[in-house]
Amino acid sequence: MKLRTAVFASGGGSNFQALLDHQGPSRSWEIVLLVTDRPDAGATLRAHAAGVAVAIVSPGSREPAEIAREMLDVLDRHGVELVLLAGYLKLVPRAVVERYRQRILNIHPALLPKFGGKGMYGLRVHQAVLEAGEAESGATVHWVDEEYDRGRVIAQRRVPVREGDTPETLAARVLAVEHELYPAAVDHVTEAIAAGEEPTPMTLHTTTEEMK
Ligand code: GRF
């Protein structure tokens, strides 16, 4: 039995695509639903192409409790057991976090706990890394709790910052690593769940390959 998985995305969805491409008979998970707050998100086109159902949950000016109810309802209808945030820019409602405790992952384009939190998304993250004069950045997969980018880290990979990097060049280097790290972390977590164990963090190792 595969874990029924929903991906939440607000943007182009290249991580969503990497997850879609990684699925297969040997995996312990399958994507059954895309949830987005933006009907025009590029991720919706990817979902349509892959035959994945799409649910649009637009916060608008509605009460958080009402949004949470709608979200839980759609997740229930699709029998969702695992949630993967992939460029989802809204805070996940508290009731959803509570229901899916240790069952919601996020990917962040920096080495958390540094360079995370509210407002730290997109090129702002990479701009902040460059302004701080960091020698390296990377990608982090972590459990989601009630705060932005604060839950326990499951997997990280480092990426060097290079002389002359701009936020755009650094973002591209980190994104390429994200596309490998996220599916690998989801395999790791879901294999543990399938074996009836609570997932532990993956070991952090930096290979010479990563530092090229
Ligand atoms: C990624 O950098 C991810 O780490 C962050 O948002 C970005 C989403 O990019 N949370 P994409 O939509 O998956 O291309």
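Refer to the preceding data block for the structure.
Residues numbered from 1 in each chain as written. Predicted model: local features only at pLDDT ≥ 70, side-chain atom pairs only at ≥ 80, totals over all residues. Heavy atoms only, no water.

1. Side note on the site of the ligand
Close contacts around the ligand come from G12, G13, S14, N15, G87, I107, H108, P109 and E178, and that covers them all. Within the backbone of G13, a nitrogen or oxygen atom sits 2.8 Å from an oxygen atom of the ligand. S14 places a polar side-chain atom, nitrogen or oxygen, 2.5 Å from an oxygen atom of the ligand. In the complex, the protein chains occlude 78% of the 370 Å² of accessible area that the ligand would expose alone. Among the secondary structure elements, those contributing two or more residues to the shell around the ligand are helix 1 (14-22) and strand 5 (104-108). Looking at side-chain class alone, the shell around the ligand contains two nonpolar, six polar and one charged residues. (Near = heavy atom within 4 Å. Polar contact = N/O pair within 3.5 Å; in protein donor to acceptor, adjacent residues only side chain to side chain. Areas by Shrake-Rupley, 256 points an atom, 1.4 Å probe, with all protein chains shown as cover. Helix = DSSP H or I, 4+ residues; strand = E, 2+ residues; numbered from the N terminus. Nonpolar A, V, L, I, M, F, W, Y, C, P; charged D, E, K, R; others polar.)

2. Structural notes on the side chain of T5
With respect to the helices, strands and loops of the structure, T5 is situated in strand 1 (residues 3-8). Assessed through its relative accessible area of 0%, T5 is described here as buried. A distance of 3.0 Å separates a polar atom in the side chain of T5 from the backbone oxygen of L3. Not counting residues up to four positions away in its chain, the partners in contact with T5 are W29, E30, I31, V32, L33, V80, L82 and L84. (Buried < 20%, exposed > 50% of the residue type's maximum accessible area, 1.4 Å probe, protein only. Contact = heavy atoms within 4.5 Å.)

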